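So the chains spell out like this:
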Amino acid sequence: MQYLCLIYANEQEEPKPGTPEGNQHFAEYGTYTEEIQKAGVMLGGNALHSVQSATTVRVRDGKVQTTDGPFAETKEQLGGYYLLDCKDLDEAIAYAAKIPSGRFGSVEVRPVMVFDEE
Amino acid sequence: MGAADEASRSAVEAAVREHHGRVLAVLVKHSRDFDLAEDVLQDAIVSALEHWPRSGIPRHPDAWLLQAARRKAIDRFRRADTSRNRQDELTRWLEATAGDSEGEPEEPVVDHRLSLIFTCCHPALSEPSRVALTLRTLGGLTTTEIARAFLVPETSLAQRLVRAKRKIRDAGIPYRVPPAELWAERLPSVLAVIYLVFNEGYGATSGDRVTRGDLCEEGIRLGRTLHELAPGQPEIAGLLALMLLHDARRGARVDGDGNLITLEDQDRSVWDREKIAEGDRVLRHALAFGRPGPYQLQAAISAVHATAPTYDATDWREIVLLYRRLFEIQPSPVVRLNEIVAVSFAEGPEAGLAMLEQLDGIKDLQRYAPFWAARADMLRRSGRVDDASDAYLRAEELTQNEAERRFFRERRDALGAETRD
């Protein structure tokens with residue numbers, strides 16, 4: 001099964017790039033990504049720019065409405081994701097638990113919907 | 001066929017319920033589909049209720065039900081349209097029944113109930129869902145029975161079950177006994193569900209008390225099953241012992257009008273000696289592993305109470321020590337409060353009151369009725385009647401339970417009588 005692991009954390013509390021903590025955080029992500037690639041479970045994944053760079057788009061009555069900022073203002077912001085191929089939820093939980101940001105933020109694990117092809 | 005005796009309707013119903021979990025566990029393992037498994041088992045149960053009263057209960061009711069359920073599944077897939085998926089399903093069910101003999105099954109079914117219970121109690125499900133699903137699948141209770149026992153509308157409970165089953169399927173919750181390294185993480189969730197079922201019945205003073213009391217039996221039954229399946233787990237044994245020891249005193253703790261009777265005033269001759277002995281035995285089995293946990297310690301405390309000949313002869317010092325051990329593992333203010341109550345009996349109410357003052361800063365306790373009830377009782381015993389009355393009043397205002405409120409009010413009224421004496 002495919003699972004999307006959405007990584008949420010408070011951007012203010014995250015280790016800052018350029019600081020020793022930030023460098024270590026970055027290195028931990030490198031190690032983690034390597035691990036899941038080797039295990040053959042990684043289908044994809046990316047880090048996202050800060051929510052300050054977010055743009056929300058809606059179409060109402062055929063008109064495009066564009067607003068600055070994320071879809072919802074929350075304490076923790078979506079900062080990145082991994083798409084994993086796991087045999088079941090237990091395996092997905094085990095890999096999600098190793099994502100470095102899980103120690104101060106949260107990881108939401110969502111199964112990807114599969115449509116029958118006939 | 002040997003058992004041609006007639007069986008009474010209630011014996012048949014009891015046999016069906018007894019084997020529900022075992023049969024369903026195999027059906028889910030085969031189909032990975034809770035709804036289908038439940039449907040075909042239901043069909044098989046209907047057959048059993050029809051046949052068994054005439055032919056007698058078969059030697060292996062579980063195997064009989066499983067065989068019948070598989071045949072019902074085959075019938076379903078034969079009747080249904082012939083899309084390829086259906087054909088594959090039909091083939092799989094036919095293969096599963098290929099070895100069945102024409103007559104009555106000779107062997108009981110292989111037990112997969114541990115997989116069933118760990119799946120139903122998976123931490124990815126909400127706690128109310130875990131409880132409902134466990135009672136429905138393992139306990140074999142109907143939706144109506146569960147809804148009535150938990151005082152929720154039947155439609156909400158049915159919805160809860162539907163959502164839980166959908167999540168198991170869509171999120172890919174595995175159907176298995178977790179590997180050894182996951183037990184420490186997963187077992188507490190299973191134990192919590194069983195204890196919650198038991199406590200829902202034990203604490204019941206409102207609603208249909210008879211029905212809700214059945215939840216105690218159900219909790220113990222689930223505990224027994226789990227203990228049988230995993231006898232090497234001391235906390236499982238600890239939980240079973242705890243439930244047995246509590247349950248042994250159930251009949252003595254409420255009077256005919258639904259009023260609570262304190263441990264002090266309970267008629268100890270009403271306590272179920274057999275259950276106490278069994279609880280004690282199971283507890284010893286658990287403690288022999290030398291790996292105490294919260295359920296074992298609570299059971300040990302309960303055992304000290306259950307084996308004391310009178311309230312005054314209770315070994316309060318032992319209870320204090322046990323609560324201290326419990327606090328090391330489970331540092332909650334409620335555990336501390338219980339320790340202090342024990343201290344107030346071991347060393348006197350003044351010692352207890354002095355320790356209670358140290359808890360004054362904890363907000364959650366200030367809103368906790370038993371905190372004020374304990375304080376009121378210590379104040380009463382040390383002769384501070386007015387302070388005791390105020391504390392009982394706080395407890396009265398805070399409790400959600402009508403029987404408790406009546407009890408605190410009576411205690412407060414009795415204080416008035418003490419001053420007049």
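Residues numbered from 1 in each chain as written. Chains lettered and ligands numbered in written order. Predicted model: local features only at pLDDT ≥ 70, side-chain atom pairs only at ≥ 80, totals over all residues.

### Considerations on the nonpolar core
Residues and elements named next belong to chain B.
Thinking step 1. The biggest cluster of nonpolar side chains holds 125 residues, and the ones touching the most others in it are Leu-41, Leu-65, Ala-69 and Ala-241.
Thinking step 2. The element that contributes the greatest number of residues to this core is helix 11 (residues 234-247), accounting for nine residues.
Thinking step 3. Split by domain, the residues of this core number at least three in each of domain 1 (9-97) and domain 2 (114-230).
Thinking step 4. Leu-65 has contacts with His-19, Val-23, Leu-41, Ala-44, Ile-45 and Ala-48, leaving out every residue within four places of it along the chain. (Core = buried A, V, L, I, M, F, W, Y, C linked by C-beta atoms within 7 Å. Buried ≥ 20, exposed ≤ 12 C-beta atoms within 10 Å, placed from the backbone. Helix = DSSP H or I, 4+ residues; strand = E, 2+ residues; numbered from the N terminus. Domains from an automatic or database assignment. Contact = placed C-beta atoms within 7 Å.)

### Topic: the pairing of strand 3 (residues 55-60) of chain A
All names here are of chain A.
Thinking step 1. Among the six residues of strand 3, zero are classified as buried, and the element is accordingly described as predominantly exposed.
Thinking step 2. As paired strands, strand 3 and strand 4 (residues 63-68) are joined by six bridges and run antiparallel to one another. Across the sheet, Val-57 pairs through a bridge with Thr-66, a residue of strand 4.
Thinking step 3. In textbook terms, the turn of a hairpin is the stretch between consecutive antiparallel strands, and for strand 3 and strand 4 this stretch comprises two residues, one of which, Asp-61, has a positive phi near 50 degrees. (Pairing = 2+ DSSP bridges.)

### Thoughts on the domain arrangement of chain B
Residue and element names in this part refer to chain B.
Thinking step 1. Domain boundaries in chain B define domain 1 (9-97) and domain 2 (114-230).
Thinking step 2. A separation of 22 Å is found between the C-alpha centroids of domain 1 and domain 2.
Thinking step 3. Each partner contributes residues to the interface: domain 1 has 10 residues there, and domain 2 has eight residues.
Thinking step 4. No other element matches the seven residues that helix 1 (residues 9-31) contributes to the side of domain 1 that touches domain 2.
Thinking step 5. Looking at the side of domain 1 that touches domain 2, its residues break down into four nonpolar, two polar and four charged. (Nonpolar A, V, L, I, M, F, W, Y, C, P; charged D, E, K, R; others polar.)

### Some remarks on the sheet that holds strand 2 (residues 42-47) of chain A
Residue and element names in this part refer to chain A.
Thinking step 1. Spatial ordering of the open sheet is given by 2-5-1-6, a layout of four strands whose pairing is antiparallel. Strands at the two margins of the open sheet, each flanked by one partner only, are strand 2 and strand 6 (106-111). Recorded for the sheet is a direction-independent mean angle of 20 degrees between the axes of neighbouring strands.
Thinking step 2. Relative to strand 6, strand 1 (residues 2-9) is paired through six bridges, and the arrangement is antiparallel. Paired with Leu-4 across the bridge in strand 6 is Arg-110. (Axes fitted to C-alpha atoms, helices over the stretch in contact; angles between N-to-C directions.)

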